[in-house]
Amino acid sequence: MTVTYVIDGSEVTGLERFWQVIGEAVNGPGGYFGRNFDAFADCLSGGMGTPDDGDFVFEWRDHALSAQALGHEETARYLRQSLSRVHPTNRPAVQRRLDDALAGRGPTLFDLLVDALTSGTAPGTLRLI
């Protein structure tokens, strides 16, 4: 039987809030399901609250609200914070992504999360509602 996890897009006001919302959708109040993209990818690969057989679906309701909250402005904020923490050899690439986000171009955090939820590493599927 397929398990459905509901992401309430109206609750997603930024990336930090997304981590909380998805953690609670999968693992209940205060639940964890990643707090950065690497941890999120690990959780999606199974065993962190989702069924071991991979028979689950994420239903992202009001996803348009999340797309707005996780748009270029939030992406730029995230990249600006990341810039000081990345390895020096990665700074030029992150700076280019930041410049793009500031100009309203390139993938947003929402795009990256959707990609993670639909890529081959995520055994479940995603329904955007």
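The present account deals with the structure reproduced in this document.

Cut-offs applied
- Residues numbered from 1 in each chain as written.
- Predicted model: local features only at pLDDT ≥ 70, side-chain atom pairs only at ≥ 80, totals over all residues.
- Heavy atoms only, no water.
- Axes fitted to C-alpha atoms, helices over the stretch in contact; angles between N-to-C directions.
- Helix = DSSP H or I, 4+ residues; strand = E, 2+ residues; numbered from the N terminus.
- Parallel < 35°, antiparallel > 145°, perpendicular 65-115°, else oblique.
- Left-handed = near helix turned anticlockwise from the far one by under 90°.
- Contact = heavy atoms within 4.5 Å.
- Nonpolar A, V, L, I, M, F, W, Y, C, P; charged D, E, K, R; others polar.
- Salt bridge = Lys/Arg side-chain N within 4 Å of Asp/Glu carboxyl O.
- Buried < 20%, exposed > 50% of the residue type's maximum accessible area, 1.4 Å probe, protein only.
- Arc of directions from axis to C-beta.

## Digging into the packing of helix 2 (residues 37-44) against helix 6 (residues 109-118)
Running from amino to carboxyl end, helix 2 crosses helix 6 at an angle of 25°, the nearest separation of the two axes being 10 Å. Here helix 2 is positioned roughly parallel relative to helix 6, judged by the angle of their axes. The crossing of helix 2 and helix 6 is right-handed. Within the contact between the two elements, helix 2 uses Phe37, Phe40 and Leu44 and helix 6 uses Leu109, Leu112, Leu113, Ala116 and Leu117. Residues that form the contact of helix 2 with helix 6 fall into these classes: eight nonpolar, no polar and no charged.

## What about the pattern of salt bridges?
Tallied over the full model, the rule gives five salt bridges. Across the pair Glu59 and Arg61 runs a salt bridge, and its minimum N-O distance is 2.6 Å. With a relative accessible area of 39%, Arg61 lands in the partly exposed category. Between Arg105 and Asp100 there is a salt bridge, and its shortest N-O distance comes to 2.8 Å.

## As for helix 6
Restricting attention to buried positions, one finds in helix 6 the residues Leu109, Phe110, Leu113, Val114, Ala116 and Leu117. Around the axis of helix 6, the buried residues are gathered within 160° of arc, so they sit on the same side.

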